[in-house]
Amino acid sequence: MTTYLQLDVDGVEPESGAPAADRLVSGAPIFRTWNLDEADGGLYAGIWEATPGKWKIVYDEWEYFHILSGYSVVTADDGETFHLRAGDRMILKPGFKGTWEVIETTRKDYVIRL
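- You'll find the chain entered in an unreviewed UniProt entry as (S)-ureidoglycine aminohydrolase cupin domain-containing protein, with Rhizobium miluonense given as the organism.

Here is the structure:
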């Protein structure tokens, strides 16, 4: 068993996706996700990318992420707004609700714990 992981997407085929129709607010965003690791107990790590658009988000999981490129705006249901650019880091915890708007195609690395 390897006890380390480099987040390198070379040679890894991404999964494609989009927000569920009932969550889409505007645009036609497309997601690409490179799932690079999965551990027992519901722990995931990888790279995620989205094209411009806006959708509703509801977190049942805990997610740490680091913005690698692009520009997004996350807005909580209470109105608090977070402008996210390359270098920004954030944790969204279970219970967080709001919207994610990609202004410029955004790529992040992430660690999710269910």
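Past the structure itself, the notes keep going.
1. Digging into the pattern of salt bridges
- In total, this model carries 3 salt bridges according to the counting rule given.
- Among the salt bridges present, the one from Arg-32 reaches Glu-49, with a minimum N-O distance of 2.9 Å. On the criterion of sequence distance, the pair formed by Arg-32 in strand E3 (residues 31-39) and Glu-49 in strand E4 (residues 43-50) is long-range, its members being 17 residues apart.
- Since its relative accessible area comes to 15%, Glu-49 is described here as buried.
- Here Glu-49 makes a salt bridge to Arg-107, at a shortest N to O gap of 3.0 Å. Taken together, the residues Glu-49 in strand E4 and Arg-107 in strand E9 (residues 97-113) connect sequence positions 58 residues apart.
- Owing to a relative accessible area of 22%, Arg-107 belongs among the partly exposed residues under this scheme.
- The network of salt bridges with common partners includes Arg-32, Glu-49 and Arg-107.

2. Structural notes on the pairing of E3
- Inspection of the sheet shows strand E1 (residues 15-17) paired to E3 by 3 bridges, in the antiparallel sense. Residue Gly-17 lies in a different strand from E3, and its bridge partner there is Phe-31.
- Sheet topology note: the E3/E4 ladder contains 8 bridges and is antiparallel. Note on E4: the bridge partner recorded for Phe-31 is Ala-50.
- Taking the residues between adjacent antiparallel strands as the criterion, E3 and E4 are bridged by 3 residues, where Gly-41 takes a positive phi near 90°.

3. Some words on the environment of Val-25
- By the secondary structure assignment, Val-25 is in strand E2 (residues 24-27).
- Taking C-alpha positions, Val-25 is 9.5 Å from Trp-100, a pair spaced 75 residues apart along the chain.
- Not counting residues up to four positions away in its chain, the partners in contact with Val-25 are Lys-54, Trp-55 and Lys-56.

Analysis parameters
- Residues numbered from 1 in each chain as written.
- Predicted model: local features only at pLDDT ≥ 70, side-chain atom pairs only at ≥ 80, totals over all residues.
- Heavy atoms only, no water.
- Salt bridge = Lys/Arg side-chain N within 4 Å of Asp/Glu carboxyl O.
- Helix = DSSP H or I, 4+ residues; strand = E, 2+ residues; numbered from the N terminus.
- Buried < 20%, exposed > 50% of the residue type's maximum accessible area, 1.4 Å probe, protein only.
- Pairing = 2+ DSSP bridges.
- Contact = heavy atoms within 4.5 Å.

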